[in-house]
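Reading the structure
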Amino acid sequence: MSIPGPGGHGLQLTPFRGLRYVAERVGSLAAVTSPPYDVVVRPDGLRQLETADPYNIVRLILPQAGTPADRHRQAAETLRRWQADGVLAPDPEPALYVYEQRDAHTLQRGLIGALRLSPREEGVVLPHEDVMPHVVEDRADLMRATAANLEPLLLAYRGNGDVTGAAHVIERAVREKPLLSTTTEDAIAHHLWRLTDPADLVEIAADLRHHRALIADGHHRWATYLRLREERRDPGPWDYGLVLLVDTTRYPLRVRAIHRLLRRLPPVDALASAGHAFRVRAVDGPLARALDALAEATAAPGAGNAFLLAGDGRFHLLDRPDPAVLARTVPAGRPEAWRTLDATVLHSVLLEHLWNVPEAPEHISYIHDAAAVVEQAERLGGTAVLMHPVCEEIVHELALQGVAMPHKSTSFGPKPATGLVLRSLTLG
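Starting afresh in each chain, residues are numbered from 1 along the sequence in its written order. Restriction of local features to residues with pLDDT of at least 70 applies here, the model being predicted, together with a cutoff of 80 or more for giving and counting side-chain atom pairs; totals for whole chains, interfaces and linings are based on all residues. For the side-chain quantities, the full set of heavy atoms in the structure was used; hydrogens and water were omitted.

Some details on the side chain of Glu171
Under the convention used in this document: What counts as a helix is a DSSP run of H or I of at least four residues, what counts as a strand is a run of E of at least two, and both are numbered from the N terminus. Contacts described as polar in this section are N or O atom pairs within 3.5 Å, which, within protein, must combine one atom able to donate a hydrogen with one able to accept it, while residues neighboring in sequence count only if both atoms come from side chains.
For Glu171, the position within the fold is in helix α5 (residues 165-173). Engagement of the side chain of Glu171 in a polar contact is seen with the side chain of Arg109, the distance being 2.7 Å.

Overview of the packing of helix α3 (residues 68-84) against helix α4 (residues 133-146)
Here is the rule: To get an axis, fit a line to the C-alpha atoms, keeping to the stretch in contact for a helix; angles then go from 0 to 180 degrees between the N-to-C directions. Crossing handedness is defined as follows: a turn of the near helix away from the far one that is anticlockwise and smaller than a right angle gives a left-handed crossing, while the clockwise case is right-handed. The contact criterion used throughout is that any non-hydrogen atoms of two residues lie within 4.5 Å. Throughout this entry, Asp, Glu, Lys and Arg are counted as charged residues, while Ala, Val, Leu, Ile, Met, Phe, Trp, Tyr, Cys and Pro are counted as nonpolar. The remaining residues, Gly among them, count as polar.
Axis separation between α3 and α4 bottoms out at 8 Å; the angle between their running directions is 35°. When the axes of α3 and α4 are compared, the crossing they make is right-handed. Between α3 and α4, the contacting residues are Arg71, His72, Ala75, Ala76 and Leu79 on the first element and Asp138, Asp141, Leu142, Ala145 and Thr146 on the second. Of the residues that constitute the contact of α3 with α4, the class distribution is five nonpolar, two polar and three charged.

Description of the nonpolar core
Selection rule: Here the nonpolar core consists of buried residues drawn from Ala, Val, Leu, Ile, Met, Phe, Trp, Tyr and Cys, with membership extended through side-chain atoms lying within 4.5 Å. Each residue is placed in one exposure class: buried if its accessible area under a 1.4 Å probe, protein chains only, is under 20% of its type's maximum, exposed if it is over 50%, and partly exposed if it falls in between.
Phe307 and Trp355 are the most contacted members of the largest nonpolar core, which totals 116 residues. Broken down by element, this core gets its largest block of residues, seven residues, from helix α12 (residues 342-354). For Phe307, the contacting residues outside a window of four places in its chain are Phe278, Leu294, His316, Leu317, Leu318, Asp342, Val345, Leu346, Leu350, Val385, Leu386 and Met387. Ranked by size, the runner-up nonpolar core spans 20 residues in total, among them Ala293, Ala310, Val373 and Leu386.

A short note on the pattern of salt bridges
Spelled out, the test is: Think of a salt bridge as a Lys or Arg side-chain nitrogen and an Asp or Glu carboxyl oxygen that are within 4 Å of each other.
One pass over the structure, following the stated rule, counts 26 salt bridges. For Asp70, the salt bridge identified is with Arg73, shortest N-O distance 2.4 Å. A residue pair is termed a helical-turn pair when its members lie 3 or 4 positions apart in one helix, as Asp70 and Arg73 do in helix α3 at three residues. One salt bridge connects Arg314 with Asp312, and the closest N-O pair in it is separated by 3.3 Å. For Arg314, a relative accessible area of 51% gives the class exposed.

Some points on the packing of α4 against helix α7 (residues 219-230)
Heads up, the rule is: Just so you know how the angles are binned, under 35 degrees is roughly parallel, over 145 roughly antiparallel, 65 to 115 roughly perpendicular, and the rest oblique.
At their nearest, the axes of α4 and α7 sit 9 Å apart, and the two run at 60° to each other. In terms of axis orientation, α4 runs oblique to α7. Note on packing geometry: the crossing formed by α4 with α7 is right-handed. Contacts between α4 and α7 involve Val135, Val136, Glu137, Arg139, Ala140, Met143 and Arg144 from the former and His220, Ala223, Thr224, Tyr225, Arg227 and Leu228 from the latter.

Digging into unusual backbone geometry
Put simply, Gly285 and Pro286 share a cis peptide bond, and its omega is 0°. Each neighbour pair has its own omega, and for Gly413 with Pro414 the value is 5°, a cis peptide bond. Within the fold, Pro414 resides in the loop between β20 (411-413) and β21 (422-424). For Ala147, which is not glycine, the phi torsion reads 50° and is therefore positive. With a relative accessible area of 15%, Ala147 lands in the buried category. Even without being glycine, Arg320 reaches a positive phi, approximately 50°. The residue Arg320 is located in the loop between β17 (315-319) and α10 (323-329) in this model.

In structure tokens form, the structure reads like this:
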């Protein structure tokens, strides 16, 4: 995605002094990392990370205390203490970082840096999802308290396919010895290289200024960056935010669905109401087989929207929505690509019209892992709604039109590990 015209500023990625774990002070670098904060949703997953190492980054991104204010104060105090004790230390000079993730099936490389913030109307950074105000408020309070960007957003841009500019610098850097290397429990190897050579930084800057980026993961954190920048009148470190930029022409991202857990809606009630707008039928398990049935239902010509419901020990496929119900309940005045999104139909027809599920954390949770959402639904007596991934081209199409998808419509990955490099807003 290139910036048209000679006057476009494009992406401006600047070096910063990375705040990193001191390897000798922790059990292992893998033990102090975490998935992004909104992926750590299961209590057992949070406990596992907390017990993996006393300095695990989850104690900063998801601090545990009685009130939100106490949580944010605790995170700030923990960050201050870890720096004072030498657990976290800043790199000696500003740098950009080449970041690589690799496993048996995936290779992803990109650049971590401080990106100049820009509003949507500039067309440089394109969001594609709506955000939830209470989440932005929580992340803003945490960021104010810690004065730090604790985890990078994932942004995707499309290079020209040649090994020039930023791609040239990246491919040359990965031939050198990494600054750090670790392999996390999911068998993904993570490597980080530091870029400080002025010629490399100039080459990257000259290339990126011709590009715009899509927010692949981190809409709430991007909205938080923008809110906090508006609170400050003078230019400074709050005008930038920590990101990982990936050239998806060279390293395509995967698009996965984010599933819904309806905590207070029993499956029997969900299925009874859904029958007013969808064909409802049981499908065989186990989960992988049921998800295959969902994929087949969405792939059939003219099939329309489809969802998989679980929570009562069985799987139920919702498909073939009633066109008359869609016409009455899905908002008009939006592009057809938006009106036919699974997330649009789910929220407009099912959550709002048939099930009356409020948009509140005590009623609905957003969970990336299909097995986890089914397990939690069965444990709580609620309903799991499993989604099929949206096509990446539709995401780009709507983003370029400035049309936001419903929140939590997509999950791009692989996501960067949290904890490998932080950005303090108080460092020079």
